[in-house]
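Read off the chains here:
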Amino acid sequence: MQEAAGVLKEGFLVKRGHVVRNWKVRWFVLLQDKLLYYKIEGGKKEPYPKGRIILDGCTITCPCLEYENRPLVIKLKTKTNTDYFLECCSREERDSWALDITGAIHAGHPVQVQELHKMKNSFKLLENISLHHIVEKMCDSSTGIKLTHNLEQGNRYRETFTGSSLVDWLISNSFAVSRFEAVTLASMLMEENFVKPVGARSTEAMRYSDLSEQFLDDSTALYMFAESSNKNISSREELQFNIAELSGTIVKQGFLVKQGHKRKNWKVRKFVLRAEPAFLHYYDPTKEENKPVGGFSLRGCLVSALEDNGVPAGVKGNVQGNLFKIITKNDIHYYIQASSKAERTQWIEAIKPLT
């Protein structure tokens, strides 16, 4: 994630969605006239931005008090009255971003900008309805979507549902008012890994680049709940953290990309480094609850930078650059990626005295 020419500032922020009001981590790049944001896949920034915020005529609100559980939010309102909510990892980061964005809004001469690209699927969900809520309703044993065994090309698939049955269910439960809206919502459930395609018919549709074409309103296209949608099952086994380990003084915090232990996929996490006692915890920044999803004691840990020439051993995927590794006293290996060499050095220097 190297800084490009003309870039005023860049880094991770958590953005609220427009259609579905959930929160996603994006890599933001501030230019003189616009704010671009990118998806991060496998520890890498995608080559093309997922969206842009035109700064000409924007107003900024900081601090934004509209979200009680998210006190570090900046609000941007464009001249077309589109609201963007961006959450930072600390008050210092929030104020720094707000200052730089304000400077870009008012800097120099106004530039001619094109109208904001209007989303093709621009319907709005009911207020306070999240994808998680929809999936919970879908999983309800009495009123949820009916799961059946299906055959496709000689293969048997258990606990599946068809594309058209999901569209029907979304409409009948008032989550959408038309089949077009329901297909768009189903596509989002699939994009966010709540629902996955099974069988050749639905899997083939995933090759389309347009999100609205990836989900099939078809009685022969099969889908099932993805593993991540069954978090209500595993939630009973949530990690319990001792109050004492969360009571230490915060030494450093920020967004880093971490490789998972089981799936070996890369996710952006908010890391919080504490002293007395020395612990490193990480949080899912898309969730409102301020509860760690993981963490470990730093006593007896080893921390070191990984070489940037090639993919180091233990790292899955073509993830390179700004990596460092922490090995706990129980020989658990954590692979973490910073956004720059300087940031990697800062984290290593902050962790080492606490080991």
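Since we're looking at a predicted model, the values are computed, not measured. (Residues numbered from 1 in each chain as written. Predicted model: local features only at pLDDT ≥ 70, side-chain atom pairs only at ≥ 80, totals over all residues. Heavy atoms only, no water.)

## Some thoughts on the overall build of the chain
Item 1. Secondary structure summary: the chain contains 7 helices and 20 strands in total.
Item 2. Scored against the burial criterion, the 355 residues of the chain give a buried share of 48%.
Item 3. Expressed as a percentage of contacts within the chain between residues at least 6 apart in sequence, the contacts between residues at least 24 apart total 53%. (Helix = DSSP H or I, 4+ residues; strand = E, 2+ residues; numbered from the N terminus. Buried < 20%, exposed > 50% of the residue type's maximum accessible area, 1.4 Å probe, protein only. Contact = heavy atoms within 4.5 Å.)

## With respect to the side chain of Asn322
Item 1. In this fold, Asn322 is placed in the loop between strand S18 (302-305) and strand S19 (323-327).
Item 2. The exposure class of Asn322 is buried, given its relative accessible area of 5%.
Item 3. There is a polar contact of 3.2 Å between the side chain of Asn322 and the backbone nitrogen of Lys341. (Polar contact = N/O pair within 3.5 Å; in protein donor to acceptor, adjacent residues only side chain to side chain.)

## Some points on the sheet that holds strand S15 (residues 266-275)
Item 1. Spatial ordering of the open sheet is given by S17-S16-S15-S14-S20-S19-S18, a layout of 7 strands whose pairing is antiparallel. Where the open sheet ends on each side, the last strands, each with one partner, are strand S17 (294-297) and S18. Averaged over neighbouring strand pairs, the angle between their axes works out to 30° when direction is ignored.
Item 2. For S15 and strand S16 (residues 279-283), the ladder comprises 5 bridges, and the chain directions are antiparallel. Bridge pairing links Leu273 to Leu280 in S16. (Pairing = 2+ DSSP bridges. Axes fitted to C-alpha atoms, helices over the stretch in contact; angles between N-to-C directions.)

## Regarding the pairing of S15
Item 1. Within S15, 9 of the 10 residues are buried, which leaves the element mostly enclosed by the surrounding structure.
Item 2. Between strand S14 (residues 249-259) and S15, which pair antiparallel in sequence order, lie 6 residues; one of them, Lys264, sits at a positive phi of approximately 65°.
Item 3. Turn length for the S15-S16 hairpin, with the two strands adjacent in sequence and antiparallel, is 3 residues, and the turn residue Glu276 shows positive phi of about 55°.

## Notes on the environment of Val195
Item 1. Along the chain, the position of Val195 falls in strand S12 (residues 195-198).
Item 2. A C-alpha to C-alpha distance of 9.0 Å links Val195 and Val135, two positions 60 residues apart in sequence.
Item 3. Not counting the four nearest positions on each side in its chain, Val195 is found in contact with Met138, Phe161, Leu189, Met190, Tyr223, Met224 and Ala226.

## Topic: the sheet that holds strand S6 (residues 51-54)
Hydrogen bonds between backbone groups are what pair the strands of a sheet, and the pairing can be parallel or antiparallel.
Item 1. Strand order in the open sheet formed by 7 strands is S6-S3-S2-S1-S9-S8-S7, and the pairing between neighbours is antiparallel. Of all strands in the sheet, those bounded by a partner on one side alone are S6 and strand S7 (59-61). Ignoring strand direction, the axes of neighbouring strands in this sheet form an average angle of 35°.
Item 2. Sheet topology places strand S1 (residues 9-16) next to strand S9 (residues 83-87); 2 bridges connect them, and they run antiparallel. Each bridged residue has a counterpart across the sheet, and for Lys15 the counterpart in S9 is Leu86.

## Points about the packing of helix H2 (residues 131-138) against helix H3 (residues 163-172)
Item 1. Taken N-terminus to C-terminus, the directions of H2 and H3 make an angle of 105°; their axes are 12 Å apart at the nearest point. In terms of axis orientation, H2 runs roughly perpendicular to H3. Of the residues in H3, those touching H2 at Ile134, Lys137 and Met138 are Leu166, Trp169 and Leu170. (Parallel < 35°, antiparallel > 145°, perpendicular 65-115°, else oblique.)

## Points about unusual backbone geometry
Item 1. The linkage connecting Glu276 with the following residue, Pro277, adopts the cis geometry, with an omega of 5°.
Item 2. Of note, Pro277 is situated in the loop between S15 and S16.
Item 3. Here the phi dihedral of Asn81 falls at roughly 65°; this positive angle occurs in a residue that is not glycine.
Item 4. Following the sequence through the fold, Asn81 ends up in the loop between strand S8 (73-77) and S9.
Item 5. Among the residues examined, Asn81 registers a relative accessible area of 58% and is labelled exposed.
Item 6. Phi angles above zero are rare outside glycine, and Glu276 is one such case at about 55°.
Item 7. Within the element layout of this structure, Glu276 appears in the loop between S15 and S16.

## With respect to the pattern of salt bridges
Item 1. Across all of its chains, the model carries 10 salt bridges by this definition.
Item 2. Across the pair Asp83 and Lys75 runs a salt bridge, and its minimum N-O distance is 4.0 Å.
Item 3. Looking at Lys75, the relative accessible area reads 12%, which means it is buried.
Item 4. The partner of Asp95 in a salt bridge is Arg94, and the shortest N-O contact between them spans 3.2 Å.
Item 5. Looking at Asp95, the relative accessible area reads 40%, which means it is partly exposed.
Item 6. A single salt-bridge network, built from bridges that share partners, covers Glu66, Lys75, Lys77 and Asp83. (Salt bridge = Lys/Arg side-chain N within 4 Å of Asp/Glu carboxyl O.)

The values reported here are purely geometric and, on their own, carry no functional implication.
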